[in-house]
Amino acid sequence: MPAGLVLLGVVPMIAGAARVAELTGGAPITPGNARFFASPAPVLVHIVSVAVYCLVGAFQFAPGLRRRRLRRHRAAGRLLVPFGLAAALSGLWMTAFYPRPPTDDALVTGFRFVFGAAMAASLVLGFAAIRRRDVAGHRAWMARGYAIGLGAGTQVLTHLPWVLAGGLPSGTPRTLAMLAGWVINLVVVEWALRRRTPAIGRSPHRRPGFVDHPTPG
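The rules behind each value
- Residues numbered from 1 in each chain as written.
- Predicted model: local features only at pLDDT ≥ 70, side-chain atom pairs only at ≥ 80, totals over all residues.
- Heavy atoms only, no water.
- Helix = DSSP H or I, 4+ residues; strand = E, 2+ residues; numbered from the N terminus.
- Buried < 20%, exposed > 50% of the residue type's maximum accessible area, 1.4 Å probe, protein only.
- Contact = heavy atoms within 4.5 Å.
- Areas by Shrake-Rupley, 256 points an atom, 1.4 Å probe, with all protein chains shown as cover.
- pLDDT = per-residue confidence, 0-100.
- Expected span 1.5 Å × (residues − 1).
- Bend = angle between axes of the 7 residues up to and from the residue.
- Phe/Tyr/Trp six-rings, centres within 6.5 Å; stacked < 30°, edge-to-face > 60°.

S.K.: Which parts of the structure should I look at to understand the overall build of the protein?
M.R.: A count of helices and strands for the protein gives nine helices and zero strands. In sequence order, the protein lays out its α and β elements as α-α-α-α-α-α-α-α-α. With 217 residues in all, the protein has 40% of them scored as buried. Within the protein, counting contacts between residues at least 6 apart in sequence, those at least 24 apart form 72% of the total. Counting every atom, the protein has about 11900 Å² of accessible surface; 69% of that belongs to carbon and sulfur.

As structure tokens, then:
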């Protein structure tokens, strides 16, 4: 699973690295990147925090890490919460204050606010849950936050039909492609959480000494 999650985030991370190189390498200013040159700090924070969050977060889903290296799992979780919040909050800032790209309509802006706020809230709820020793709640909220954060990776796939046809969608098709990326990830997470619930309930059949640790974060 970690390898698959890393692969899903590769394209957005490459795009982010290209944006950093553009901003730090003196690339020409165009209508497409002018908003980033006018205020580069938020996008740089967003790119770095998303990269760390997605890469480190992917390995929180490895059962062996949770069971055999619990300290490492917890240390990674303490790193992921601030980086995840930085990713969500910088995304919300850019949505609020950057000029809207011409390919996006107002509905995409609304979705960015909704899912950005939901990601931040999921991280806060996940952290609060583990402070209460609510492992199941921690696992669920951290998984939801990660699913939203990795939405850009799935959006690469939902945009792929238009890319293969030689262009990029705009208007309603782009709105639906963006929404689908977040929704698909959340549906998969909810399915996985519910599929795991019966197994968690069968505690009498676990081998002695087994401890079930949280999945992400």
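S.K.: Can you help me understand the confidence of the model for the protein in this one?
M.R.: Note that predicted coordinates carrying low pLDDT should not be read in detail. Taken residue by residue, the protein gives an average pLDDT of 86. The fraction at 70 or more is 88%. Per-residue pLDDT, averaged within each element of the protein, yields its smallest value for helix H4 (residues 63-68) (69) and its largest for helix H6 (residues 106-131) (96). Segment residues 199-217: pLDDT under 50, and 38 contacts once partners within four positions in sequence are set aside and those in other chains are kept.

S.K.: Help me out: how do you make sense of the side chain of Thr109 in this one?
M.R.: Mapping Thr109 onto the fold places it in helix H6. Assessed through its relative accessible area of 18%, Thr109 is described here as buried. Once residues within four sequence positions are removed from consideration, Thr109 is found in contact with Thr95 and Arg100.

S.K.: Where do I start with helix H8 (residues 151-164) in this structure?
M.R.: Each α-helix winds once per 3.6 residues, and so residues spaced three or four apart point in a common direction. With 14 residues, H8 should reach 20 Å at 1.5 Å per residue; the first-to-last C-alpha distance of 20 Å fits that figure. Maximal helix bending in H8 amounts to about 40 degrees, located at Thr158; proline Pro161 follows within four positions. Residues of H8 that are buried include every one of Gly151, Gly153, Thr154, Gln155, Thr158 and His159, and no others. A positive backbone phi angle near 100 degrees is found at Gly166, which sits one or two residues after H8.

S.K.: Would you explain the packing of aromatic side chains in this entry?
M.R.: We describe a pair of aromatic rings using the distance from one ring centre to the other and the angle between the two ring planes. For the structure on display, the rule yields six aromatic pairs. Ring geometry for Tyr53 against Tyr146: centres 5.6 Å apart, planes inclined by 45 degrees, an arrangement best described as tilted. Note that Tyr53 is positioned in helix H3 (residues 40-58) and Tyr146 in helix H7 (residues 135-149), a separation of 93 residues in sequence. Judged by relative accessible area, Tyr146 falls into the buried class, the value being 4%. A centroid spacing of 5.2 Å and a plane angle of 55 degrees characterise the contact between Phe61 and Tyr146, whose relative ring orientation is tilted. Of this pair, Phe61 sits in the loop between H3 and H4 while Tyr146 is found in helix H7, placing the two residues 85 residues apart along the sequence. Across the pair, Tyr146 and Phe61 agree in class, each one buried. Feature note: the residues Phe36, Trp93, Phe97 and Tyr98 constitute an aromatic cluster, connected by ring pairs.

S.K.: Looking at this structure, how should I read the side chain of Thr158?
M.R.: Position of Thr158 relative to the elements: it lies in helix H8. If we skip the residues at most four places from it in the chain, Thr158 touches Ala177, Ala180, Gly181 and Ile184.

S.K.: Even after reading the chapter, I still don't get the environment of Trp182, so can you show me in this structure?
M.R.: As for its position among the elements, Trp182 is in helix H9 (residues 171-201). Of the residues examined, Trp182 reaches a relative accessible area of 8% and is grouped as buried. If we ignore the near neighbours within four places in the chain, the residues touching Trp182 are Phe111, Arg112, Phe115, Ile148, Gly151 and Gln155.

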